[in-house]
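# Coordinate analysis (summary)
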Amino acid sequence: MEESQIETHAVIIRMVDWLSKTSELKIISISLIILIGIGLLQTLAGIRVTMAPFYLIPIALMTLRSTRTAGLLTSIVCGVMWISMDVQSPGYLFLWLDAWNNLVRVGVFVSSALLLARLKGDMLREMKLNADLQAALAEVKQLSGLLPICAWCKRIRNDAGEWQQIEEYITVHSEADFTHGICPDCTRKHHGRVVQ
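The text that follows walks through the structure, step by step, so that each part is easy to find. Just so we're clear, the structure is a prediction, and the values are computed from it rather than from any experiment.

## As for the state of the cysteines
- Evaluated as defined, the whole model comprises zero disulfides.
- Counting only cysteine sulfurs, Cys150 is the nearest neighbor of Cys153, a cysteine outside any disulfide, at a range of 3.5 Å.
- Under the relative-accessibility criterion, Cys153 is labelled partly exposed at 39%.
- Cys186 forms no disulfide, and the closest cysteine sulfur to it belongs to Cys183, at a distance of 3.6 Å.

What follows is the structure in structure tokens.
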């Protein structure tokens, strides 16, 4: 992943995390204030100045903080608000072209809510997987470095300076367990025959 993608990814994760810690009532209030502000700006500026990007802000806030359904409802409210502003503007003839434009706008709002809901789900799954991975890594016991082992009896000197059987040392310092058997060479050496 490129550095800019990693930074964008981190920003989105922080935003989803912040939104999850913010009360839903606060996010609804902020979204309503933004919608009212967009409506006022749209009324003052007229329909010739597009406010479409600003409608995406409350859609994003509601989708990322709440559920996909809340995001879809917000996108429909934004679409209805846009259409109501469009109908009130002078020169609105409600021809098939105007209907098409309004349908496309609502489609973009709904698509944005669906994409953001999918992104949120993916981010939450990734955050859970990362947390699970960190927990698993914390539990892993791994032997590393040099182990002082006797050249004859194969016992290992532990951190306290005591000599332990290799099986006991490895069982304590890793997740490995032992089962014992006898190899063909030792069978021939000690019993004079090969047991299969």
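## Some words on the packing of helix α1 (residues 3-21) against helix α3 (residues 52-65)
- For the pair α1 and α3, the least separation of the axes is 9 Å and the interaxial angle reads 75°. In terms of orientation, α1 and α3 fall into the roughly perpendicular class. Side by side, α1 and α3 meet where Met15, Val16, Leu19 and Ser20 of the first sit next to Leu61, Leu64 and Arg65 of the second.
- Class assignment for the residues of the contact of α1 with α3 results in five nonpolar, one polar and one charged.

## Side note on the pattern of salt bridges
- What the rule picks out here adds up to four salt bridges.
- Where Asp122 meets Arg125, a salt bridge forms, and the shortest distance between an N and an O atom there is 2.5 Å. Taken together, the residues Asp122 and Arg125, both in helix α5 (residues 96-139) and three residues apart, mark about one turn of the helix.
- Arg188 is the partner of Asp185 in a salt bridge, and the nearest nitrogen-oxygen pair spans 2.8 Å. Residue Asp185 and its partner Arg188 are both found in helix α7 (residues 184-191); the two are separated by three residues, about one turn of the helix.
- Taking the relative accessible area as the measure of exposure, Asp185 reaches 52% and is therefore exposed.

How each quantity is defined
- Residues numbered from 1 in each chain as written.
- Predicted model: local features only at pLDDT ≥ 70, side-chain atom pairs only at ≥ 80, totals over all residues.
- Heavy atoms only, no water.
- Disulfide = S-S within 2.5 Å.
- Buried < 20%, exposed > 50% of the residue type's maximum accessible area, 1.4 Å probe, protein only.
- Axes fitted to C-alpha atoms, helices over the stretch in contact; angles between N-to-C directions.
- Helix = DSSP H or I, 4+ residues; strand = E, 2+ residues; numbered from the N terminus.
- Parallel < 35°, antiparallel > 145°, perpendicular 65-115°, else oblique.
- Contact = heavy atoms within 4.5 Å.
- Nonpolar A, V, L, I, M, F, W, Y, C, P; charged D, E, K, R; others polar.
- Salt bridge = Lys/Arg side-chain N within 4 Å of Asp/Glu carboxyl O.

Honestly, it's all geometry; don't read function into it.
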